[in-house]
Amino acid sequence: MSVNLSKGQAISLEKKDGATLTAVRMGLGWQAAKRRGLFGSRTREIDLDASAVLFAGAEPKDVVFFRHLVSDDGSVRHTGDNLVGGAGQGGDDEAILVDLQRVPVHIDQIVFTVNSFTGQTFHEVQNAFCRLVDETNGQELARYTLAGGGEYTAQIMAKVHRSGSGWTMTAIGAPANGRTFQDLMPAIVSHL
């Protein structure tokens, strides 16, 4: 059963039987919002990009995004860039796979971001979501829905962080501005 997360809410990533998760997928889906034009409704393609920044304390150590698809240690992998979206409330348009057992011990947080590479604001996006899936069985564990749009071009969506011997996911849902993860670093660091 999936949990619909609200901003700032955290959930443990421990399975119901007490076992810890070994691999998760952070999925991102979106659709371009329909706009009314002179000749009826139309949509403009929107290129949202998912990124994962790996931190040791407050220091970024690696990043996975459309130009660097696999972390240096191989524990985090991006499935590829989707330039137009379209899944919306269905499947994932972009996904980042995390092998939690292979994440180096010094990495204590992985922050997931979404940015509009083409520069459109979230007013032009609809049905955007970020979800966490148990990659071993395909079960959706948690979903954070981006509602309401806004005059910003990025979102610090969520993070997974070490909690005792396991991991916890926290929905952040903080708006930001930037076309790339590099533009978002000051906003990301404030959520560590």
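Before any of the text, the structure's been laid out above.
To keep things clear, this report deals only with the structure shown in the data block. This is a predicted model, so every value here is computed, not measured.

Focus: the nonpolar core
Inference 1: Grouped together as the largest cluster of nonpolar side chains are 36 residues, with contacts concentrated most on Leu48, Val76, Val98, Ile110, Phe112 and Met169.
Inference 2: Counting residues per element, the ones that place at least two in this core are strand 3 (23-32), strand 6 (48-56), strand 9 (94-99), strand 10 (109-116), strand 11 (125-134), strand 12 (139-146), strand 13 (154-163) and strand 14 (166-176).
Inference 3: Counting residues in hydrophobic clusters, the runner-up holds 14 residues, among them Phe55, Val111, Ile172 and Met185.

Points about the environment of Trp167
Inference 1: Within the secondary structure layout, Trp167 lies in strand 14.
Inference 2: Measuring from C-alpha to C-alpha, the distance between Trp167 and Leu13 comes to 5.4 Å, with 154 residues separating the pair along the chain.

Some words on the pattern of salt bridges
Inference 1: If you walk through the whole model with that rule in mind, you get four salt bridges.
Inference 2: Two residues, Arg25 and Glu135, come together in a salt bridge whose shortest N-O distance is 2.8 Å. Highlighted residues: Arg25 in strand 3 and Glu135 in the loop between strand 11 and strand 12, separated in sequence by 110 residues.
Inference 3: What makes Arg25 buried here is its relative accessible area of 16%.
Inference 4: Among the residues examined, Glu135 registers a relative accessible area of 34% and is labelled partly exposed.
Inference 5: One salt bridge in this structure joins Glu140 and Arg131, with 2.9 Å as the shortest N-O distance. In this structure, Glu140 and Arg131 share a single accessibility class: buried.
Inference 6: Salt bridges sharing partners connect three or more residues here, namely Arg25, Asp92, Arg131, Glu135 and Glu140.

Definitions and limits used
- Residues numbered from 1 in each chain as written.
- Predicted model: local features only at pLDDT ≥ 70, side-chain atom pairs only at ≥ 80, totals over all residues.
- Heavy atoms only, no water.
- Core = buried A, V, L, I, M, F, W, Y, C linked by side-chain atoms within 4.5 Å.
- Buried < 20%, exposed > 50% of the residue type's maximum accessible area, 1.4 Å probe, protein only.
- Helix = DSSP H or I, 4+ residues; strand = E, 2+ residues; numbered from the N terminus.
- Salt bridge = Lys/Arg side-chain N within 4 Å of Asp/Glu carboxyl O.

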